[in-house]
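Working through the structure, step by step
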Amino acid sequence: MEKIFVICLVFIFLSVSCSNEASSSEEKDESSQQSMNDSDIEDETENTPQLTEAQMKYSDEQAELVDTELVRRNNLFALNLLRKLRNNYSESNLFFSPLSISTAFAMAYAGSSGKTAEEIATALEFGDYSPKQLSDKYKVFLESLMYVDNAAYLAFANSLWTHQDNVRVFESYRETLQEKYFSDVFSFLPDPKEEGVEKINKWIEEKTFGKIKDMIDSVPRGALFYLINAVYFYGGWKTPFDESETRESYFNVDKNRKVKVPMMSKTGLIDNCTVSN
C-alpha cells in the first residue's frame, strides 16, 4: 500500500483601488486536496521519474548545508499555525502543508521591503533574515528535498502569475524567483479573458500529475497577481503493511465521536525513543 499526498495552495492578491498601483491588498487562501482511492494508486509509479545516483548524491550534499536555524523557524511557524487552525477547525479533520505556505510567502518576502517585509518576517517566523539571505538559504533547503530517494518521490512547484497590464515584474525579482525558488513566472488577463483560467489550471494539473484539476473557475477583476505552490508526494512504506491483516477498529474523530473504519495492522519491533518535553 502506497501513500500519495497532493496539495495546491493559491494566494490571490487583489487591488482595492481603481488605479494601476494597488495601495493595499487582501489575500485569499484557497487550498485543494484530492483524496486517493485504490484505482488512483495502482499505476502511480508511471508518474514518478527515477532519480539518478548523481541527483540523489547532490540532494544529500545540499542537505548537509541546510541552515538548521531556518529549519527550526519553519517548524516553529508550522506548529504555531497548527495551533491556530486547530482552534478554528476543532470539529473536522485538518490537513495542510506548512512548507507550501512558508515557501509562497518567502517568494513574496523576496520582493518586499519596509513595513510589508517586517510583517511577513514576523508572521512567518523569518527572524532577522533579509529577503536576500532568506532566498539564498531557501535555495539550498529546496534542493535538499528535490532528489531524496526513489522510494519516496517528492515534487513541488512554484509559480508567479501577474496581471499583464497592471503589474510589471522587475527582472531582478524574476531572476530571484527562478534561481532561488525554481519558480515559473507568467502573466494573465482577468475575466472575461478565460484563457487566464485555462493557463493557470493547466499548470496546476501538470505539476500535480493530473491529480488537481480545475482549481480556479474565474480570475477576479481586481486580481493583481497569484502566488501558487503545488506539492506532490508518492512513496511506499519502508516496511509494507499486509493487506490481508486489515482490521476494522474505531477511529476517534474527536473527544466525543468515533467511527468504525478499516485499519492497517502490523505486529513487530519498532525503534522508538523518549525525549524530555
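It should be emphasised that the depicted structure is a prediction, and the values quoted were computed from it without experimental measurement. (Residues numbered from 1 in each chain as written. Predicted model: local features only at pLDDT ≥ 70, side-chain atom pairs only at ≥ 80, totals over all residues. Heavy atoms only, no water.)

What to know about a negative patch on the surface
A cluster of acidic residues, D60, E61, E64 and D149, forms a negative patch on the protein surface. Along the polypeptide, D60 turns up in helix α2 (residues 53–65). A relative accessible area of 47% means that D60 is categorised as partly exposed. (Patch = residues over 30% accessible without salt bridge, like charges linked within 9 Å, V, L, I, M, F, W, Y side chains within 5 Å. Areas by Shrake-Rupley, 256 points an atom, 1.4 Å probe, with all protein chains shown as cover. Salt bridge = Lys/Arg side-chain N within 4 Å of Asp/Glu carboxyl O. Lys, Arg positive; Asp, Glu negative; His and termini not counted. Charge placed at Lys NZ, Arg CZ, Asp CG, Glu CD. Helix = DSSP H or I, 4+ residues; strand = E, 2+ residues; numbered from the N terminus. Buried < 20%, exposed > 50% of the residue type's maximum accessible area, 1.4 Å probe, protein only.)

Digging into the side chain of E125
Residue position: E125 is located in the loop between α5 (114–123) and α6 (131–146). Despite its burial, E125 remains without a salt bridge, the nearest opposite charge being carried by R73 at 4.0 Å. At 3.3 Å, the side chain of E125 forms a polar contact with the side chain of N80. Ignoring anything within four residues of it in the chain, the contact list for E125 reads R73, L76, F77 and N80. (Polar contact = N/O pair within 3.5 Å; in protein donor to acceptor, adjacent residues only side chain to side chain. Contact = heavy atoms within 4.5 Å.)

Examining helix α3 (residues 68–88)
With 21 residues, α3 extends 30 Å between its outermost C-alpha atoms, agreeing within 8% with the 30 Å of an ideal straight helix rising 1.5 Å per residue. Every buried residue of α3 is listed here: L70, R73, N74, F77, A78, L81 and L85. Projected down its long axis, α3 carries its buried residues within an arc of 140°, all on one side. Turned more than 90 degrees away from the buried face of α3 sit T68, R86 and N87, all of them exposed. Elements in contact with the buried residues of α3: α4 (98–110), α5 and α6. Residue D67 occupies the N-cap position of α3, its side-chain oxygen lying 2.9 Å from the main-chain nitrogen of E69. (Expected span 1.5 Å × (residues − 1). Arc of directions from axis to C-beta.)

Overview of helix α8 (residues 195–207)
An ideal rise of 1.5 Å per residue puts 18 Å on 13 residues; α8 measures up with 18 Å between its terminal C-alpha atoms. Those residues of α8 lying buried are G196, V197, I200, N201, W203 and I204. One side of α8 carries all its buried residues, which in axial view fall inside an arc of 155°. Opposite its buried face, α8 presents the exposed residues E198, K202 and E206, each directed more than 90 degrees away. Where α8 terminates, the next one or two residues include F209, which has phi positive at roughly 55°.

Let's talk about the packing of α4 against helix α7 (residues 171–180)
Where α4 contacts α7, the axes come no closer than 10 Å and their chain directions differ by 155°. Here α4 is positioned roughly antiparallel relative to α7, judged by the angle of their axes. Relative to α7, α4 is oriented so that their crossing is right-handed. Seen from α4, the contacting residues are M107, A108 and A110; seen from α7, they are Y173, T176 and L177. (Axes fitted to C-alpha atoms, helices over the stretch in contact; angles between N-to-C directions. Parallel < 35°, antiparallel > 145°, perpendicular 65-115°, else oblique. Left-handed = near helix turned anticlockwise from the far one by under 90°.)

Notes on the pairing of strand β6 (residues 247–252)
Note that β6 and strand β7 (residues 258–263) share six bridges and pair antiparallel. Within β7, the position partnered with R247 by the bridge is M263. Where β6 folds back on β7, the antiparallel hairpin that results is connected by five residues. (Pairing = 2+ DSSP bridges.)

Concerning the pattern of salt bridges
A complete count under the given rule lists eight salt bridges for this structure. When the shortest N-O distance is used, the salt bridge between D67 and K137 registers 3.0 Å. With D67 in the loop between α2 and α3 and K137 in helix α6, this pair connects stretches of sequence that are 70 residues apart. Given the relative accessible area of 19%, D67 is considered buried. Accessibility expressed as a relative area gives 27% for K137, which makes it partly exposed. Among the ionic contacts, a cluster of salt bridges with common partners joins E69, R72 and R73.

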